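Here is how the chains run, residue by residue.
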Amino acid sequence: MSERYEFIDMAETGPKAVRTAFANQVAYCRANDARVTARVVAALGALLGKPTSEFARRIAGWQGPPLADALPLRAAGGIHALHLTGTAHELAPIYADSEDINDATIIAAVVARHEAALLPWLDGPPQTNEAGRSSNFIAAMLWLADRGLPPLFDCREIGSSGGINLMIDRYHYDLGGVHVGPQPGAIAFTPQWRGDHPPQHAIEFAGLKGCDVAPVDLTDPAQALRLKAYIWPEHHIRFARIEAAIAAATENPPQLIRATAADFVEAELAKPQAKGTTRVLMHSVVWQYVPADQQARVTAAMEDAGKRATAERPLAWVALEANRTVHHHELAVRYWPGGEAPRKIGQAHAHGAWIEWLG
């Protein structure tokens, strides 16, 4: 029997959109093995029918598109931070996934007591800098190399957060038996592989540079805590990964600047490209946070640069973004010359646990 999915409008606004956003996030968490986070989001959603706190009222009256703004995860991140710091001990049974407790009652009491600490978490989008997603970038580069693009990649990333994925040259990957990167590597990834293995090629990196409107310094404990608060607590391996990434950044920080996506892409594409390199724009779970006017500028800049691309200096665009209708991520690639139309080459777990190869 085929599954049926309700179309999700990421741009929808208003009270109904807020309710939809929380329900969709609960479903998304459950589909990605995040039962505890689903419980927290559901309990937060229960506050919105008759909001009695400024925190709940601000969520219920959200003026922007709540799903595109990741509003449920902003709120859940604040709750998780209270738990991680031991500030709200009453949250422990929820994070232990205990049964026979009233999640909504516990969350309501925590919000009432810690509202001042929680409100700032609504001011900006989540920092979902997950190293496990980089496996998709590597798989896409193997696919591009198989199409004859130079396997020396000069990468530019938007929405880099702390730059964890700008250190992909330091990690080791086992992608369906295809090994890439140094061994053992600062972090080792072996996602469950579904389908044929990706093509096998020796790839190298000519450069790795990224931007973010609010870059995170991984070596600052306070900023690192913010990243950890957005990690779904069920995924213990992700906490080990971020500690390894912090260690790698402490040894040699990633190249990361403060800039908007559009300004960064336009400036980088204007720079000379070395012969025999493939210039790559890459991003993961970022596009929904980029304002529409900047999305248009990035797209126009890439397509304009694509017209000037040659076989010796090609351009590629690798995107791993969430499909909120089917509750997983999709890996799409465009390249110039010769692959101008977007092609979906894979779909993946939200945080890299599995990849289904379609390439």
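Please read all numbers here as calculations on a predicted model, not as lab measurements.

Can you break down the sheet that holds strand 6 (residues 204-212) residue by residue, with the values?
Pairing within the open sheet is mixed, and its nine strands lie in the order 5-12-11-10-9-8-1-6-7. Only two strands of the sheet have a single partner each, and these edge strands are strand 5 (192-194) and strand 7 (255-258). Within this sheet the neighbouring strands show an average axis-to-axis angle of 25°, counted without direction. Inspection of the sheet shows strand 11 (residues 339-348) paired to strand 12 (residues 354-357) by three bridges, in the antiparallel sense. By the bridge assignment for strand 12, A348 is matched with I355. Against the sheet, helix 11 (residues 292-308) touches strand 8 (278-284), strand 9 (315-323) and strand 10 (328-336), its axis set at about 150° to strand 9.

Can you lay out the packing of helix 1 (residues 15-31) against helix 4 (residues 71-84) for me, pointing to particular residues and giving the numbers?
Remark: helix 1 packs on helix 4, axes separated minimally by 8 Å, with the N-to-C direction vectors making an angle of 70°. One element, helix 1, and the other, helix 4, form an angle in the roughly perpendicular class. On the side of helix 1, the interface is formed by A21, F22 and Q25, while helix 4 contributes L71, P72 and L73. For the contact of helix 1 with helix 4, the per-class residue count stands at five nonpolar, one polar and no charged.

Help me get a handle on empty space enclosed by the protein, residues and values and all.
For the structure shown, the criterion picks out four cavities of 30 Å³ or more. In this structure, the second largest cavity encloses a volume near 60 Å³. If you trace the second largest cavity, you find it lined by R156, V265, E268, L269, R279, V280, L281, M302 and L315. For the lining of the second largest cavity, the per-class residue count stands at six nonpolar, no polar and three charged.

Please give an account of the sheet that holds strand 4 (residues 188-189) that cites residues and values.
Read across the open sheet, the three strands follow the order 3-2-4; overall the sheet is mixed. Looking at which strands have only one partner, the edges of the open sheet turn out to be strand 3 (178-180) and strand 4. Sheet analysis places strand 2 (residues 172-175) next to strand 4, joined by two bridges and oriented parallel. From the neighbouring strand, H172 faces strand 4, where its bridge partner is A188. On top of the sheet, helix 7 (residues 134-146) reaches strand 2, strand 3 and strand 4; it is set at about 70° to strand 2, its chief contact.

Explain the side chain of N165 to me, and be specific about the residues and the numbers.
Its location among the elements puts N165 in the loop between strand 1 (152-157) and strand 2. N165 gets classed as buried once you look at its relative accessible area, which sits at 1%. Side-chain polar atoms of N165 contact the backbone oxygen of E130, separated by 3.5 Å. Ignoring anything within four residues of it in the chain, the contact list for N165 reads N129, E130, A131, S134, F137, E157, M282 and S284.

I'd love a proper account of the nonpolar core, names of residues and values included.
Membership of the largest hydrophobic core comes to 49 residues, with the highest contact counts inside it found for L144, Y171, M282 and V318. Considering every element that reaches this core, the biggest residue donor is helix 7, with nine residues. Each residue touching M282, except ones within four places of it in the same chain, is listed here: F137, M141, C155, R156, E157, I158, N165, L166, I168, L208 and V318. By size, the runner-up hydrophobic cluster in this structure holds 38 residues, among which are V40, F55, A88 and A350.

Lay out the side chain of R334 with the relevant residues and their values.
Positionally, R334 belongs in strand 10. Since its relative accessible area comes to 14%, R334 is described here as buried. One polar contact links R334 to E303, side chain to side chain, over a distance of 3.1 Å. Leaving out residues up to four positions away in the same chain, R334 has contacts with E303, L315, A316, W317, G339, E340, A341 and P342.

Rules used in this analysis
- Residues numbered from 1 in each chain as written.
- Predicted model: local features only at pLDDT ≥ 70, side-chain atom pairs only at ≥ 80, totals over all residues.
- Heavy atoms only, no water.
- Pairing = 2+ DSSP bridges.
- Helix = DSSP H or I, 4+ residues; strand = E, 2+ residues; numbered from the N terminus.
- Axes fitted to C-alpha atoms, helices over the stretch in contact; angles between N-to-C directions.
- Contact = heavy atoms within 4.5 Å.
- Parallel < 35°, antiparallel > 145°, perpendicular 65-115°, else oblique.
- Nonpolar A, V, L, I, M, F, W, Y, C, P; charged D, E, K, R; others polar.
- 1 Å grid on protein atoms, 1.4 Å probe; cavity = no way out; pocket = protein on both sides within 12 Å on 5 of 7 lines; lining within 4 Å.
- Points joined across faces, edges and corners; volume = space filled by probe spheres on them.
- Buried < 20%, exposed > 50% of the residue type's maximum accessible area, 1.4 Å probe, protein only.
- Polar contact = N/O pair within 3.5 Å; in protein donor to acceptor, adjacent residues only side chain to side chain.
- Core = buried A, V, L, I, M, F, W, Y, C linked by side-chain atoms within 4.5 Å.

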